[in-house]
Every structure is written in C-alpha cells, then in structure tokens.
Amino acid sequence: MVSPQKSVHTIRIGIIGAGYMGSQHASFISRQEGVELTAVADPFSRTLAGATGAAYFSDHRELLASDMVDGVIIANPNAAHVSTAIDALNAGIPSLLEKPLATSLEEVQLLIGAQRNSATPVLVGHHRRHHPAVTAARAAIANGELGKIVAVNGMWLTRKADTYFDAAWRREKGAGIMLINAVHDLDLLRFLCGEIVSVQAMVSNTARGLAVEDTAGFVLRFANGAVGSFIASDAAVSPWTWDQATEDDATFPYNRGSFCYSIAGTAGALGFPQLACHSYSSELVQSGRADWNHELSLHYLSRDSGDSYTNQLRHFAAVVRGEVAPLITVDDAARTLAVIQASQQAAASGTAVQPQLVFTTAGSAAP
Ligand SMILES: NC(=O)c1ccc[n+]([C@@H]2O[C@H](COP(=O)([O-])OP(=O)(O)OC[C@H]3O[C@@H](n4cnc5c(N)ncnc54)[C@H](O)[C@@H]3O)[C@@H](O)[C@H]2O)c1
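Residues numbered from 1 in each chain as written. Predicted model: local features only at pLDDT ≥ 70, side-chain atom pairs only at ≥ 80, totals over all residues. Heavy atoms only, no water.

K.L.:
What is the right way to look at the UniProt feature "domain: GFO/IDH/MocA-like oxidoreductase" (unreviewed entry) in the protein chain in this model?
P.N.:
The UniProt feature table records "domain: GFO/IDH/MocA-like oxidoreductase" (unreviewed entry) at residues 135–258. Counted over residues 135–258, helix gives 25% and strand 27%. Its end C-alpha atoms are 20 Å apart. (UniProt positions renumbered as here; feature names shortened; annotations may be inferred. Helix = DSSP H or I, 4+ residues; strand = E, 2+ residues; numbered from the N terminus.)

K.L.:
I keep staring at helix 4 (residues 81–91) and nothing clicks. Help me out?
P.N.:
Owing to its 3.6 residues per turn, the α-helix brings residues three or four apart onto one side. Of the positions making up helix 4, those classed as buried are His-81, Val-82, Thr-84, Ala-85, Ile-86, Ala-88 and Leu-89. On its buried face, helix 4 sits against strand 1 (11–16), helix 3 (60–64), strand 4 (71–74), strand 5 (95–97), helix 5 (105–116) and strand 6 (122–124). Just downstream of helix 4, Gly-92 is the residue with a positive phi angle, here 75 degrees. (Buried < 20%, exposed > 50% of the residue type's maximum accessible area, 1.4 Å probe, protein only. Contact = heavy atoms within 4.5 Å.)

K.L.:
Any chance you could explain the pattern of salt bridges here in plain terms?
P.N.:
When the charged atoms of two side chains with opposite charge come close together, those side chains can pair. A complete count under the given rule lists 15 salt bridges for this structure. Residue Arg-61 pairs with Asp-59 through a salt bridge whose shortest N-O separation is 2.8 Å. The residue Glu-195 makes a salt bridge to Arg-190 at a minimum N-O spacing of 2.9 Å. In this structure Glu-195 comes out as partly exposed when scored by relative accessible area, which is 33%. The exposure class of Arg-190 is buried, given its relative accessible area of 7%. (Salt bridge = Lys/Arg side-chain N within 4 Å of Asp/Glu carboxyl O.)

K.L.:
Would you explain the packing of helix 4 against helix 5 in this entry?
P.N.:
When two helices pack together, their arrangement is given by the angle between the helix axes and by the axis-to-axis distance. Viewed as axis vectors pointing N to C, helix 4 and helix 5 meet at an angle of 10 degrees, and their least axial separation amounts to 9 Å. Between helix 4 and helix 5, the angle falls in the class roughly parallel. On helix 5, the residues touching Val-82, Ala-85, Ile-86 and Leu-89 of helix 4 are Glu-107, Val-108, Leu-110, Leu-111, Ala-114 and Gln-115. Residue composition of the contact of helix 4 with helix 5, grouped by class: eight nonpolar, one polar and one charged. (Axes fitted to C-alpha atoms, helices over the stretch in contact; angles between N-to-C directions. Parallel < 35°, antiparallel > 145°, perpendicular 65-115°, else oblique. Nonpolar A, V, L, I, M, F, W, Y, C, P; charged D, E, K, R; others polar.)

Printed below as a string of structure tokens:
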C-alpha cells in the first residue's frame, strides 16, 4: 500500500511496463526514502499494481494524465521506448527511460526532436554510470593516472536462463545481445575512455538458434587513438560479466574473483571493478626504466560504497525535483545507440563502420 506517513515532498513515481525490470524498479523504490510508487501501467499485467497497492492503468497515457505521478520509469519493451518517452514529454512528466533508448537511430530522431523542444527532462537508464567504482575509475582516467589510454578489453559473458527468451520480444529484431546487454558496456566504455569513432564486429546466433544474435565481438577505435575489444554472449557459461563481478544487482550471485574490463594506458593499467591500478614506481619512471623488464607496483583506487540502481533512483528523484540535469541525456544515449547500430552494420557488411548521428529532425544540430 502507498504509505500514509510519506512526506508531502515525496516524489510520486509511476512505472510503465511491469515486467522483470518494472518489478525491479518497484523494489528499488520500496527501499528508498523520498520516493513512492503510486501508479503502474501495463496493458497485459495487473500483478505489480496488485502487489504494491499502486493504482493500475492499462494505458500509460491515462497514467500520465492522472495527476498521480511526478515522474515515470519507462520499462516496457524496447520498441515502445520512443513513443512512450514522447508521451511523457508531451505530458510534461520527467522520465527515467530504460535502455536501449530506441531500437534504431531513425526511430530515435523523433525523441531527440521532442526532447529539444521540451524543458521536461529524460534520464536514460544506463544505470552503471552511477556506480561508485565507475565514478572512481573515470576520475582516475581523467586525472591522467593511466597516462594516455592505449588499449581496452572487456567481457560480458554469461548464460541466461532459457526461459528468459519465452517473452517474444526478446527473440525478435530490436532485442539481441548488442541492444540488450552490450549497449550497457559500450556506453560505459564511452563514459570511461571517450568517444568510439569506428567499429568492426561479428555476431553469431548458433548457440541459441534465435533470430537475434546471442554472441557478439567488437573491435573499437576511440577518438584518442586507443583500440579496444569487447565480447558479449548470453549463451556462454562464465563469471566474466559486470553483473557477477560488481555485486551491483542482488539478483545475480556475486563472484569475487571475476572482472569485466581492463584499461591500459601509457602510464598504468586498471582492472575493473576491483580498481586494481598497476604502474611503475616514480623512481623507475624518472630513470627511464618503466618497461616490461621491471616489476609493476599495485595499488587499489578508493571508492565510495553503494550500488548503481540506488544511486540512479536518487539521481532521478533530484532530476524530477529540478535540482540537477540528467547524467545521461537523450543526445548522449543516442551516441551509444549509434555505436550499437554501427556495430550491427559492421557485422552485416564485414567492414569497419563509423558511428554517426545524422539528425534530420528540424531544429536539431549535427553533433
Ligand atoms: N537497466 C537494466 O539493466 C535492464 C535490465 C533488464 C531490462 N531492461 C530493459 O527494461 C525493459 C523491459 O525489459 P524486461 O526484461 O522487464 O521485459 P519484460 O518482458 O519482463 O517486461 C515488459 C513489460 O512491459 C509490458 N508492456 C508491453 N507493452 C507495453 C506498453 N505499450 N505499455 C506498458 N507496458 C507494456 C509487458 O506486459 C511486460 O509486463 C527493456 O527495455 C529492457 O531492455 C533494463
């Protein structure tokens, strides 16, 4: 039930799309001060509304018009993201829009245009950017602790339950490992290491035999000249994912020895998420002996405690109150989507593709 003792300043949140992720968001809301779930919209399920005591709407547009919410979390299937986010903008309701922003760049242009004509904020749900280990790694990279970034390697390899694919949309164009999972990692690599300016990619669907890819490999060139590689699969047994390495999401067992990214620069290397920083001593550097013939020293970056979903929700509440601008805007997330779309094109063509945002919407500018 909606708690009667919540303060008048409590942010009232509506959830649109009450499946797996919508239910996760309801659980995050239930354990956080200053926010409450007041309404749920889902054309096919009343379960979450029933379980939480929130008002139920079959149509999200009725929820948006209900005067029962200060902000909405949009967690419906990918293909509905753009139209739902535009409905929220038109209603003047701030939204936290789950990733991916859209299923294609063509589609996302409508949302970019709508966002640029509106003062209502949209925060895109690349939640990992809110993780304290990401904050620490980004600061260390920005401060030059690794020198100039040279090479990056990453993995997101796990075996999803077969029943995950019972939902038809997860088997169809608009889903797949690139848009569902690798989009998080490539967004983070952009956030940590700078823009990705060229990609090559290969995909495979032979493990699961679905229409969408279950496995993908990426070769990345960053704007600063660094080169990266990333592999992702939802059909491979492995501990090497963000989810199992970070303890970020209690849904997944934590694997203490696991890791997901290695970032190497001209002055040091960073293992993520442990934040293990390898470098040569200042004595070796000053004497011109900082090379592979000498032993690396190791220290760990300090970081705050906390998890990305809690921080994301706290940030969203501040966005709704008008205190801060969204950490991940539509324009920013569109650049991540451009990397994914370029990867899809690269996999299909067998050639390198440059991620490009070519906005055709009136009034929008090229990046
Ligand atoms: N941030 C993350 O780590 C993360 C994790 C999982 C899923 N997601 C994203 O969350 C979204 C939902 O994924 P999921 O796994 O919860 O899917 P899901 O299939 O479990 O749930 C989707 C829900 O949306 C409902 N729905 C369908 N059309 C709708 C509409 N027009 N309006 C409102 N509701 C509608 C469905 O009935 C279903 O209950 C996807 O975009 C996915 O990419 C993000």
